[in-house]
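One-letter residues, chain by chain:
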Amino acid sequence: MSAVGRTAEGPAPSAYRIEDLAHLSGATVRTIRAYQDRGLLPRPERRGRANVYSDAHLDRLRQIADLLDRGYTLASIKELLEAWDAGRGLGGVLGLAAEVDGPWTDEEAVRISRAELDERFGGAPDDAAVAEAVELGVLEPAPGDEDSFVVPSPQELAVAVELHAAGVPLSAISGHLRELRGQVEHIAARFLEFTTEHVFARYLEGPHRPTDAEAAEAASLVRRLRPLAQHTVDAELARAMRLLAVRHLHRQLGTSEVPDAEKNTRNVAIPASTMRAVDGLVGPEQAAEFITLAAEREVRARALDRLAGSHHPSTDLDETP
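Throughout, residues of each chain are indexed from 1 in the direction in which the sequence is written. Given that the model is predicted, a residue must reach a pLDDT of at least 70 before its local features are reported, and side-chain atom pairs must reach 80 or more before they are shown or counted; all residues, however, enter totals for whole chains, interfaces and linings. Calculated side-chain values reflect all of the structure's heavy atoms, with hydrogen atoms and water omitted.

1. Looking at the sheet that holds strand β5 (residues 110-113)
Stage number 1. Here, strands pair whenever DSSP counts at least two bridges between them. Each helix is a run of H or I in the DSSP string that is no shorter than four residues. Each strand is a run of E no shorter than two, and both are numbered from the N terminus. Pairing is antiparallel across the open sheet formed by 3 strands, whose spatial order is β5-β7-β6. Edge positions in the sheet fall to β5 and β6 (140-141), since each of these pairs with one other strand and no more.
Stage number 2. By the bridge criterion, 4 bridges tie β5 to strand β7 (residues 148-151) in an arrangement that is antiparallel. Across the sheet, the residue bridging to Val 110 is Val 151, located in β7.

2. So, the nonpolar core
Stage number 1. To form a nonpolar core, buried Ala, Val, Leu, Ile, Met, Phe, Trp, Tyr and Cys residues must be joined to one another through side-chain atoms within 4.5 Å. In this scheme, a residue with accessible area under 20% of its type's maximum is buried, one over 50% is exposed, and one in between is partly exposed, where area comes from a 1.4 Å probe on protein chains only. Leu 21 and Ile 32 are the most contacted members of the largest nonpolar core, which totals 16 residues.
Stage number 2. Secondary structure elements with two or more residues in this core: α1 (18-25), α2 (29-37), α3 (55-69) and α4 (74-85).
Stage number 3. Broken down by element, the residue count for this core peaks at 4 residues, all from α3.

3. A word on the side chain of Ser 148
Stage number 1. When you line up the elements, Ser 148 lands in strand β7.
Stage number 2. N or O atoms within 3.5 Å of each other form a polar contact, as long as, within protein, one can give a hydrogen and the other can take it, and as long as residues adjacent in sequence are counted only when both atoms are side-chain atoms. A polar contact of 2.8 Å, which involves the side chain of Ser 148, links it to the side chain of Asp 145.
Stage number 3. Discounting residues that sit within four places of it in the chain, Ser 148 has contacts with Arg 111, Ile 112, Ser 113, Arg 114, Pro 141 and Ala 142. The contact criterion used is simple: two residues touch if any of their non-hydrogen atoms lie within 4.5 Å.

4. As for the pattern of salt bridges
Stage number 1. Throughout this description, the term salt bridge denotes a Lys or Arg side-chain nitrogen within 4 Å of a carboxyl oxygen of Asp or Glu. For the structure on display, the rule yields 13 salt bridges.
Stage number 2. The salt bridge involving Arg 47 is made with Glu 45; its shortest N-O contact spans 3.4 Å.
Stage number 3. You can call Arg 47 partly exposed: its relative accessible area is 42%.
Stage number 4. Notably, a salt bridge pairs Glu 193 with Arg 276, separated by 4.0 Å at the nearest N-O pair. Remark: Arg 276 occurs in helix α12 (residues 272-282) and Glu 193 occurs in helix α9 (residues 170-204); sequence separation between them is 83 residues.
Stage number 5. Exposure remark for Arg 276: the relative accessible area of 43% places this residue in the partly exposed category.
Stage number 6. Within the structure, one salt-bridge network assembled from shared partners comprises Arg 190, Glu 193, Arg 276 and Asp 279.

5. Observations concerning the confidence of the model for the protein
Stage number 1. Each residue gets a pLDDT score, which is the predictor's confidence in that residue and runs from 0 to 100. Across the protein, pLDDT averages 79, with 78% of residues at or above 70.
Stage number 2. In this model residues 314-321 is a low-confidence stretch, pLDDT under 50, and it forms 0 contacts with partners more than four residues away in sequence or in other chains.

6. With respect to the packing of α1 against α3
Stage number 1. To define axes, lines are fitted to C-alpha atoms, for helices over the stretch in contact only, and angles between the resulting N-to-C directions are given on a 0 to 180 degree scale. Contact geometry for α1 and α3: axes closest at 10 Å, N-to-C directions at 40°. Relative to α3, α1 is oriented oblique. Regarding α1 and α3, the two cross each other, and that crossing is right-handed. Taken together, the residues of α3 that come into contact with α1 (itself represented by Leu 21, Leu 24 and Ser 25) are His 57, Leu 58, Leu 61 and Arg 62.
Stage number 2. Charged residues are taken to be Asp, Glu, Lys and Arg, nonpolar residues to be Ala, Val, Leu, Ile, Met, Phe, Trp, Tyr, Cys and Pro, and polar residues to be all remaining types, Gly included. For the contact of α1 with α3, a count of residues per class yields 4 nonpolar, 2 polar and 1 charged. What sets the label is the angle itself: under 35 degrees gives roughly parallel, over 145 gives roughly antiparallel, 65 to 115 gives roughly perpendicular, and the rest give oblique. Two helices cross in a left-handed way if the nearer one is turned anticlockwise from the farther one by less than a right angle. They cross in a right-handed way if the turn is clockwise.

7. So, the side chain of Asp 279
Stage number 1. Inspection of the secondary structure puts Asp 279 in helix α12.
Stage number 2. A distance of 2.8 Å separates polar atoms of two side chains, one belonging to Asp 279 and the other to Arg 190.
Stage number 3. Once residues within four sequence positions are removed from consideration, Asp 279 is found in contact with Arg 190, Pro 284 and Ala 287.

8. Quick look at helix α7 (residues 127-136)
Residues that lie three or four places apart on an α-helix share one face, since the helix turns once every 3.6 residues.
Stage number 1. All of the buried residues along α7 are Ala 129, Val 130, Ala 133 and Leu 136. On an axial view of α7, the arc spanned by its buried residues comes to 125°, and they lie on one face. Seen from the open side of α7, the exposed residues pointing more than 90 degrees away from its buried face are Asp 127, Ala 128 and Glu 135.
Stage number 2. Capping of α7 at its N-terminal end is provided by Asp 126; its side-chain oxygen lies 3.3 Å from the backbone amide nitrogen of Ala 128. The directions considered for the arc run from the helix axis to the C-beta atoms.

This is the structure in structure tokens:
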């Protein structure tokens, strides 16, 4: 497979034919040649009538495969590798990517059998519910075992079990999860926009990629800021749940006593595009006040219109005596 010799100075570098390189790297011969044509892989050394590849080519192919697994495009990989070859460093950027790609929760996935799954949900098999859970990613088919699933978030599955035990249909649980995900993804997007603008812009903007030191600093910030979004959402969810639960209880009991906080505030869903426009106009800190004043102005304008419309002027105002 490889031609390995020994010199007086030590072992000679390995030499591979393209077929050997493909076997060791997991890439196909066609892929290797395509990488060469795109400038991702150096050309082989010509020895007589044969093209010879080295360990450097094998390392480069493994780097490319790792970057593809991380979600990089071939164009982005070429830029990264060119930066690496120019001595600007690749390790820090990959460390930052690994930090972002890493788990954002302390939960560990568990495996569950189909029989155990059915038992947790009342003992009656429900193929449609299982298929929907797989589609949502609550369950993942276990590799090599048709009767088992991987549960990425045991907490999420436990919530579904409790809701179902309380009488909530599985279809309603799935529908609620879909709706909740859309709202949570909006929150995540807003937090990402906020931190990018105020924290990470200095690392991401500009014509050059961050240096190893800058990327390492950004990775450290990701580790520190990662739990902040969850802590904030947890605190605000607890506040909102108490607020709305008290309101709901008073309505159900038919009491008119409403807490002070209830009298002065109300949650209203506003499209994300509208909020971005308002943020750009007056800044995030003043967005709530701006929306409040704009709504009040509209309400007053409509009240004035109603008053003016309800008054019919005398027909003889324009008549001369």
